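Commentary on secondary and tertiary structure
Listed here are the chains, written in short residue letters.
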Amino acid sequence: MTRLNLIFNNFTYYIKANILTALGVAISTAVLTGGLIIGDSVTYSLEQSVSFRLGKITHIVTTVDRYFRSELAQELAAKGAFEVAPALILEGMAVTEGGGERVNKVQFIAIDNQFDKISKSKIFNDLNDNEVIISLNLAERLHLKQGDNFVARIKKGSLMPMNAPFVSDAETSVSFRALVKEIAHSQNMALFNLKNAQTPPYNLFLSLSRLNSLMKFKNKANRLLISAPALNNKQITNLLDSCITPEDAGLKVKELSELKETEIKSERIFIDNQIIEAFKPFGQTHPVLTYFANSMEYEGKSTPYSFISTIDDNSLDDKSIIINDWVSADLAVEVGDSLLVKYYEIGPLRQLVEKGTKFMIQKIVPIAGRYGDSDLMPSLPGMSDAGHCRDWEAGVPIKLGSIRPKDEAYWNKFKGTPKAFISLKKARQIWGNRFGTYTAIRISENIFTEKKYKALFTSSIKSLNLGILVTSVRKDGLNAARNGVDFSQLFLGLSFFLLVAALILTALLFLLNLDNRKSELGTLLMLGFTRNQIRRLFLSEGALIALIGGLFGLGLALIYTKLIFLALNTLWWSAVRTSVLMIDIKVTTLLTGLITTVCLTVMTILYLLSRSFKRQAMELQQNHDHEPKPFITWTKKWGMVIAISVSIGLAAFQLTGADKLNPSLFFISGGLMLLGLILLADYVLRQNRRMIINEISFDSISKRNRSQNLGRSLTVIILFALSTFLVLSTGANSEGLQTDVNEKGSGTGGFKYFAETSVPVLFSLNDNARLKNEGITSRFTAAQFSRIDGDDASCLNLNRASNPAILGADPSFFVDRFSFDTKCPEIGLKEVWKAMDEPLNRVIPAIADQTVIQWGLGKNIGDTLIYRNELGDTLRLKLIAGLSPSVFQGYVLISNNNFLKNFPTSSGSSLFLIDAPKESQKTTMEELKSVFRDYGWEMTTAGERLNEFNSVANTYLSIFLALGVLGLILGTIGLAVVLARTLLERTSEIAILLALGFTRRQVFRSLVWEYAVLLIWGVLIGFLSAVVAILPNLISSGSKASFYTVLLIITIILCNGIIWISLLSWGGIRKRSSIINQFA
Amino acid sequence: MILQLKNIFKGYGDPQKNNFRRVLEDLNLEVDTNQKIAIAGPSGSGKTTLLNLIGTLDQPDSGEITFKGTKITGYSQGQLAHFRNLELGFIFQLHHLLPQFTIWENVLLPVLPIKKIAGKAEKEWAEHLLRKVGIWEQRFQKPSELSGGECQRTAVVRALINKPQLILADEPTGALDEQNAGHLAQLLNHISGEEGVSLIIVTHSSELASQMDKVYHLKNGELK
C-alpha cells in the first residue's frame, strides 16, 4: 500500500462524485481554453486573410486621383529585380441585364499578364475585350455564372481633377457589357483588397488595356502591385524616384517652332508651383496662366467667352490689359479705355461665383505671333476639340444665347487663341486656385533639351511630390491583424461569469464530496495521520480530479470553439463579418488553458480544505457561531456603506450635474451597487444569526435557517445577483442602442438619410437650380463630404486601423448636432465643431467616434494621426473630440477647408447626410435614388446606418447574453448542488419537524420559502444594480429598453430558480419518508 | 384509557422472501390516563419500532391503535401530523434540538404547525416550563452552548409545549451521565404527575424503569 495507491483507491471508490467535480473543472477549462483558442484563431484567420487578399503582394504604389504610366511597373521591376504588376483600380457598380439586381461599390481591378506573377493564379492571363473575372461573392449576389453577361458601370477616371475649373462633368461614369470569363474563389484572389479589412469587397478583374480604352487613357495605371519581401519602403521609394518621368506627372512637351519655344503643359490642366521651380535651372522659363473669362465688357457692350492669358511684358502692370484688335473692334474700345473682365471663381463642389476685375487697355495688338498663339489655351476636353462654341462642354454654365456668329467665326479661325493678356502676377492673384497656378511653361528652344528636361525633373521631383506613395501593405496588414480586436480578451471577458460559475460549481461539488467524507477525515486522524498529511492526500486527489477534468475540458474546449465559430460564421456574423474564420490550435494555448485551470482548481481546493479543517477544529471546540475577525467585519461594513454611497452619489451627480449621461459611469455605479448590496445581504444574514427572537413564526425560523449557513446562502445570492445583473444589463443595453435616432443629439445628428455613391457627385446638392436641372424638385438639406480612402476603422473591421478614411466636412452643418463623449479640455462642448476650423500649430483638428479612437485606433483625445497629403507632405491630424456612437464610425472628420488645402484635387462627394421635412421624405428618397442611380447611389435611413454599427455591439451583447445564460444555467446547477447538499444535511431536522407534528406540506413550504427568499434577494440585488447601470437607457426619451424584456428575464430567472428549489425540496422530503430511520 | 394497541403485527422486509423479519407479533397494550409505563427489552427486540408505531411515525402491518377511543391507524398523513403535534410529545435519546435556533425558539417550534405565531399563552407556558427545568436564563442561547443535560431538559420542555396527553421517550437518559440521567428521570416523573400526562418510556435503564407505574418486557415481538 503506497500513498499513490491510497489516492488512486480513493479516487476510484468515490468515482461518481469525482467525475461530477471533474466535469466542473472540464467546463472551466473549456471556457478558458476555448476563449484563448478563439483569440488565436481570429488572429490567425486575419493573418490568413492578408494572404488571401494580397497574394504575393508585399508593397503597393498608390496615388489619389492621379495616374502614372503603366510602363513604370516594368521599369521598376527591371531596376529592382522583383515582381511588379501595374493595376488601374476604380470603383463602380454591376447590374444584371434588365436591371433586376444591382451591386454598388464594386472594385474594378484592371490588370495585365504581369498580375499572375503576384497573384499565384493563372486565371488572370489573357483577358480579352469585355471578359471579366468576378469574385464569388459578386457572382452570388448577382446570380451570375461563367458565360453570363451583365452591365458594368465604372466611375469615369479623369487625368485632370474633376472639380478643376472648366473640366466637363458631363460624363461621370462609363459602362460596358461584361462577359463572365471565370469566377474567382478565395484561392485565386477573389478576396483581393488593398485595405486592412477582413470583409471582402466585390471584385471584378478586367484587362488593363480595356479599362484604359474605356477611360480614354493610354497605358495608365494608378497602382503598382509589388512583390519584394526583402525590401523596405524606403528602398522601393528610391528605386521608384529613379524611374519617375515627367509623363508620370502628366507633363507633355510641345515644340512651338514659330515662336522658337518649347511648351510644357499638364494633362491635369494646372501646374503646381514645384514643377515650375523644378525647371527654373533652364534659365529662361516663362510660366503661363490662361483662364476662361465669361465676358469682357465696355459701356454696355460685351464680348462673351474668351480666353485671357498672361504675357511677359514688363511694361504691363497689374491694372493693365492688352487686347487684340478683334476685341477692340468688337467693343469699339481704344487704348486707355477701362475694360471689365468677368470670370468664374470655382469653389468646392463647383460652386461658381462670378467676379469682375477692371483693367485699363494698355495696348491693342494684331492676332499674330505671340498674340496669335492658340497653344496658350489649355487642353480642355470638351472645349479644345469642339467644332463650335455651341458644342462647348466647359464645366461651367454657358449662355448659348449670348454667343454671336462672329464669336463662332473667331473660334473657327483662331480656336482658343487668347483675346487679351494681363500680367502673370495679376493672373495668379485672381485665377490661381488649389489645382495649380499655371497652365503651361514656355522655355526658349535654344536652351531646352529633352535630356536636361528629364534630368531636372528627376532631380527635383520625387514620387511623394506627385502624391505617389509606397506602402508596405503586407507588413501593415499583418500588424493590423496581430494588433486588431483581441478576441481572447473579449471572449474571456464575455465568458467571465461562465468561468466564475463553473469554478463555484467545482468548489461546491468538491465541498460536497469532502463533507460526505468527514468521518474518513476523523478515521485518518485517529490512525495517526497529521493534518498536513491528510490535507496533502486530499489535495493530491483534488489535483488528480483537476487534471482529469482539465484534460477532458481540452476536448470540450475544441467543441466549445467549434460551436462559437459556427455561431460567429452564422448567427453572430455581425461581430466578425468574414466567413474565413479558421480554427488555429496552438499547443502553448492548450497548455496555458490546462495549467491555469488546474492551478485555479487546486488553489480553490486548497482553500476549501484549510477552511474545512478550521471548521472541524471549531466544531470540536463547540464553537459553532464563529465570528470573523473584527477587522474583516469592520471592512465589510464600511465597504458596504462606501460602495452604496458612491454608487448613489455617482448616479445622482450624473443625473443632476453632468452635461451628458455617461453610460460607463452608470455601469460603474451599478457594479458598486451590486457589491454594496451583496455586502448588505451578508450583513443582514449575520444580524439575523445574532438576533433574539421572541415572536417565533415561520418567517423567523426561515430567517434563522437562512443565516445558519452563511456561506451557502451568500453563494446562492451572489450567483443569482451576478447572473441577473449581467443578463439584465446586457439585455437592456441591446434594446437601448436603437433609441432616439431622430434627435439632433443622437448618432444620426438628426439627419434622416445616409447615402454613399460609387461615383463622386461633383456639385452641391444644396444648389436648387442644379437640382432642378437634374429633375429633383423636392426640398432638402444635404451635408456633403469629400473623402480620402483609408482603413475602415469602424467596429466592422477587426484589424487595427492606422489611417482611417478622412472626410472633409463643413462644420457649420453640424452645430448642435451629434454628441461628444470626450473632447480636449480647452474646447467648450458647444464649440467643438467650430474648433475644426481653428488653426493649430502645424496640426489639423480632427474628430472621430470615440469608439473608433479608443478601439479602432487605440488612441486618446489629443493624440495625432499621421498621413501624407496630396503634395507628399506629412499631414498631422490632432484628435480634438470623440463623438458618441454615430454614423461617422470608421472615419476621421476634418473641416472642408483643411481637406481642400491638403487634398486640393480630390473631386466631389461620395458621402451624404440628408435632412428632409417629414412630408417630403419619401419623394426626396425616390428622386435621389432615381437621379443618382448611375452614381451607384445607396441610401438608407441614418438610423439604419447607425444600427448596422450597433449590430456589432448588439452581437457582442448577444454573445455576452448567451454566455451569461450558460453561466446562469451553471449557477442554477450550483444552486441545486447547494440545495441537495443542505437538504442532505438537514435530514434529521426534517424528521424532527415531521415528528413534532409539522405536515410535509408545511415543511416543504418552509424550505421553499427559505430558499426562494435567497433567490429573490439575489435577483433583487441584481435587478437594482442593473437598473442603476442601465439608467441612461431607461430614462432616455423614446427608449426601447423594454420593461417587458426586463420583466421577462426576471420571471425566467425566478421561475427557473423556484422550480429547482421546489423539485429538490419535495424530493428531499419524499426521500425522508421513513423518518423513523433517523431515530432508530 | 388513553391508548390501546390491539393485535399489532409489524415486520420488515418482503414477507415472500427470506429476508422478512417479524418484529412485533400480535402485540396488545393499554395505557391509562396519567399512567407511566416503561418498555424494556434487549437490543433489536422492537422497542423503538413499537414507540414509532405509537408515535404514528410508522404504520403497523395489521392491528389497530386507538387513542382516547378514536382509531388512529387509518388517519391520513395530515391528520397524523396534527395528532402528533397536539396529542404526543417526543423525547429522543439524542436531544435533536435544531442547532440554528435558540432554546426559546426550539421549545416554541411545535406551536407553529397549528398557529402562525406563538401566542401569549404558549409563551407563558414555555416560560413556566423552562423555569421549572431550570434553563430559563439560558433561553436565548443555542444548543451548542448548553450541556447535554440542559439540552435534554429543553427537549422535555419542547415535548410538553402543546400540552400533550402522552409523552413518548426513547432512551431519554441514554446519552447522559449518571447524575444528569437521574435528574432527568426525576423531572419526567415529576412533570408527568404534575401535568397529568401519560408517559411511555423505552429504556435499558432499570433505575429509570423502576420509577414507572408499570414495566413491560418486549421479547419475541410480544409484551410481557
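Residues numbered from 1 in each chain as written. Chains lettered and ligands numbered in written order. Predicted model: local features only at pLDDT ≥ 70, side-chain atom pairs only at ≥ 80, totals over all residues.

Glancing now at the overall build of chain B. A count of helical and extended segments in chain B gives 7 helices and 10 strands. Taking as baseline every contact in chain B between residues at least 6 positions apart, the subset at least 24 positions apart corresponds to 71%. (Helix = DSSP H or I, 4+ residues; strand = E, 2+ residues; numbered from the N terminus. Contact = placed C-beta atoms within 7 Å.)

Scanning chain A from N- to C-terminus turns up 33 helices and 31 strands. Per-residue burial over chain A gives 50% buried out of 1080 residues. Taking contacts inside chain A between residues at least 6 apart in sequence as the whole, the part at least 24 apart equals 83%. (Buried ≥ 20, exposed ≤ 12 C-beta atoms within 10 Å, placed from the backbone.)

Let us now look at the interface of chain A and chain B. Chain A puts 27 residues into the contact, and the matching count from chain B is 31 residues. Every element with two or more residues in the side of chain A that touches chain B is listed here: α22 (698-708), α30 (987-995) and α31 (1000-1029) of chain A. Per-element tally for the side of chain A that touches chain B: the top contributor is α22(A), with 5 residues. Taken together, the residues of the side of chain A that touches chain B break down into 13 nonpolar, 9 polar and 5 charged. (Nonpolar A, V, L, I, M, F, W, Y, C, P; charged D, E, K, R; others polar.)

Glancing now at the pairing of strand β11 (residues 251-256) of chain A. Judged from the 6 bridges that link them, β11(A) and strand β12 (residues 261-266) of chain A form a sheet pairing that is antiparallel. Looking at the pairing, L251(A) lines up with S266(A) of β12(A). (Pairing = 2+ DSSP bridges.)

Residues and elements named next belong to chain A. Strand order in the closed barrel formed by 6 strands is β14-β15-β19-β16-β18-β17, and the pairing between neighbours is mixed. The sheet shows a mean angle of 45 degrees between the axes of neighbouring strands, taken without regard to direction. With 5 bridges connecting them, strand β16 (residues 320-324) and strand β18 (residues 352-365) associate as parallel partners. Residue N324 lies in a different strand from β18, and its bridge partner there is V365. (Axes fitted to C-alpha atoms, helices over the stretch in contact; angles between N-to-C directions.)

Moving on, we come to helix α6 (residues 178-195) of chain B. Structural remark: α-helix, 3.6 residues per turn; residues separated by three or four positions point the same way. All names here are of chain B. For α6, spanning 18 residues, the distance from its first C-alpha to its last is 25 Å, which sits close to the expected 26 Å at 1.5 Å a residue. Along α6, the residues that are buried comprise A181, L184, A185, L188, I191 and S192. Buried residues of α6, viewed axially, fall in a sector of 140 degrees; they line one side. Turned more than 90 degrees off the buried face of α6, the exposed positions are Q179, Q186, H190, G193 and E194. Downstream of α6 by one or two residues, G196 has phi in the positive range, about 70 degrees. (Expected span 1.5 Å × (residues − 1). Arc of directions from axis to C-beta.)

With that settled, consider unusual backbone geometry. Here F818(A), not a glycine, exhibits a phi torsion of approximately 60 degrees, which is positive. Within the secondary structure, F818(A) sits in the loop between β24 (805-809) and β25 (820-823). The phi dihedral of K68(B) is positive, around 45 degrees, even though this residue is not glycine. A count of 13 C-beta atoms within 10 Å places K68(B) in the partly exposed class.

To summarise the sheet geometry, strands pair through backbone hydrogen bonds and adopt either a parallel or an antiparallel arrangement. Residue and element names in this part refer to chain B. Spatial ordering of the open sheet is given by β6-β7-β8-β3-β9-β10, a layout of 6 strands whose pairing is mixed. Looking at strand neighbours, the two that pair on one side only are β6 (88-91) and β10 (222-223), the edges of this open sheet. Pairing of strand β3 (residues 36-40) with strand β9 (residues 214-219) involves 4 bridges; the strand directions are parallel. Across the sheet, residue A40 finds its bridge partner in β9, namely H217.

All names here are of chain A. Running from N to C, α22 and α31 point in directions that differ by 60 degrees, and their axes come no closer than 9 Å. Taken as axis vectors, α22 and α31 run oblique relative to one another. Crossing hand, α22 versus α31: right-handed. Contacts from F698, S702, N705 and R706 in α22 reach S1006, W1009, E1010, V1013 and L1014 in α31. For the contact of α22 with α31, the class distribution of residues is 4 nonpolar, 3 polar and 2 charged. (Parallel < 35°, antiparallel > 145°, perpendicular 65-115°, else oblique. Left-handed = near helix turned anticlockwise from the far one by under 90°.)

Among soluble globular proteins, nonpolar side chains are generally buried collectively. All names here are of chain A. L204, I717 and A846 are the most contacted members of the largest nonpolar core, which has 382 residues in total. Ranked by the residues each element gives to this core, the list is headed by helix α29 (residues 942-985), at 17 residues. The residues contacting L204, other than those within four sequence positions of it, are A94, V106, Q107, F108, I109, V132, I134, L138 and A152. (Core = buried A, V, L, I, M, F, W, Y, C linked by C-beta atoms within 7 Å.)

So yeah, pure geometry; function would need other evidence.
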